[in-house]
Amino acid sequence: MTFKRLAASAIASLCVMAHAGGASAADLVLPSEVAATHWKTKYMNQFAEGVAKRTNGALNVKVFPAGQLYNDQDALAALGTGAVHMVWPVAVRVESIEPRTGIVNLPFAVSDDMMTNQCFSDGLTTLMSSYVEPRNLKILGFLRTADLFFVFRNRDVQKMEDLKGAKIRVTGGKVFQETMKSLNTSPVSMAASEMSTALAQGAIDGVYTSPAGWAEMIGMTGKYAWYVPGFSLTTYAIVVDKGWIDGLPEAQRKAITDTIKEITPRQWKEVTAEDKQLVDKMVAQGAVFRTATPEEAKRWRALAKSNEKVFTDKYPEAIQKLGELEKRCGYGN
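Our subject in this report is the structure included herewith. (Residues numbered from 1 in each chain as written. Predicted model: local features only at pLDDT ≥ 70, side-chain atom pairs only at ≥ 80, totals over all residues. Heavy atoms only, no water.)

## Some details on the overall build of the chain
Tallying secondary structure elements over the chain gives 14 helices and 11 strands in all. Once the C-alpha set of the chain is aligned to its principal axes, its extents read approximately 65 × 45 × 35 Å. Counting all 333 residues of the chain, 49% fall into the buried class. Summarising the internal contacts of the chain: among those between residues at least 6 apart in sequence, 75% fall at separations of at least 24. Carbon and sulfur atoms make up 52% of the accessible area of the chain, which amounts to about 15000 Å² in all. Side chains of the chain give 39 positive and 35 negative charges; the mean places of these two sets differ by 2 Å. (Helix = DSSP H or I, 4+ residues; strand = E, 2+ residues; numbered from the N terminus. Buried < 20%, exposed > 50% of the residue type's maximum accessible area, 1.4 Å probe, protein only. Contact = heavy atoms within 4.5 Å. Areas by Shrake-Rupley, 256 points an atom, 1.4 Å probe, with all protein chains shown as cover. Lys, Arg positive; Asp, Glu negative; His and termini not counted. Charge placed at Lys NZ, Arg CZ, Asp CG, Glu CD.)

Take a look at the structure:
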């Protein structure tokens, strides 16, 4: 364990001890790598308030934003040590712990409509949680991160072929990287803080990003946007230490799950609306935002399906169960 992680564990333990010294309340330590001003922190604070209210202060959620304790990857690793009880990482990070959960990161795997359908969202949560529970983790739900799209400095993309030869900053798992390569693009990894400068200097041609990334980090440096709805709808997974939550009094467990169930559907709708406002803001400034036609989107779906073979050959059972869930909830054929 590194000095930083030892220090973080010590700080978290002191927080628990200090609180326990003054009252019988228990602490739920919830670290995050995003800034205190990020909208995810707002929902974490709402979660803390909801749990406190439902338990009459018996369970105290301590939110540590901006990497004060851990970044999200290290926080996931710390679950089970007692230093961390819950983490809300981007779902692709859970894939590194249990590859089968990568099904939620596949192109077109989920949609806004699906994730605001209680039948599907509850079923997906149960399925994804079943894969990590043998590792003493539990998934309580998924929050919406963003429906990503391409942003270019000087390419007005209107069809798949227009991407040929482009160097694009992307995120995502192995399947997504392979899909980018099959589009005849060169996927490039770099920190989000570097992408605007790299785009302006021509080191990259485009960025695969969120509405917030476009409006707040790139701006008019990326004048042209190309959107294939649902191609990569990214999520945050709400992950908790299974042994810890199972050991709580039933009323406290219920307070946690009820608060998550209250926040997630509302967050999904609120963030969807906020993303639209950010896109509208860029268009009002003179940016160009193009959406794939249904015919073009169908081509992207076919391409994604062929690239999913990397995943489906390894984890056919996961694909089968997701298909069964879709049918049960009114989706699929």
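## A look at the state of the cysteines
With the rule as written, the count across this model stands at 1 disulfide. Here Cys119 connects covalently by a disulfide to Cys329, the sulfurs 2.1 Å from one another. The S-S bond linking Cys119 to Cys329 shows a torsion near -75°; that makes this disulfide left-handed. With Cys119 in helix H6 (residues 118–132) and Cys329 in the segment after helix H14 (316–328), the pair connects residues that are 210 residues apart, well separated along the chain. (Disulfide = S-S within 2.5 Å.)

## Here we look at the side chain of Ser129
Topologically, Ser129 is positioned in helix H6. Excluding residues within four positions of it along the chain, Ser129 makes contact with Lys138 and Ile139.

## Some remarks on the side chain of Thr264
Note that Thr264 resides in helix H11 (residues 250–284). The contact partners of Thr264, leaving out residues within four places of it in the chain, are Phe142, Leu143 and Ile238.

## Some remarks on the packing of helix H8 (residues 192–201) against helix H9 (residues 211–218)
Interhelical geometry of H8 versus H9 gives an angle of 65° and a closest axis separation of 10 Å. Crossing of H8 over H9 shows right-handed handedness. Residues Ala192, Ser193, Met195, Ser196 and Leu199 of H8 form the contact with H9, whose own contacting residues are Gly213, Met217 and Ile218. Here the residues of the contact of H8 with H9 sort into 5 nonpolar, 3 polar and no charged. (Axes fitted to C-alpha atoms, helices over the stretch in contact; angles between N-to-C directions. Left-handed = near helix turned anticlockwise from the far one by under 90°. Nonpolar A, V, L, I, M, F, W, Y, C, P; charged D, E, K, R; others polar.)

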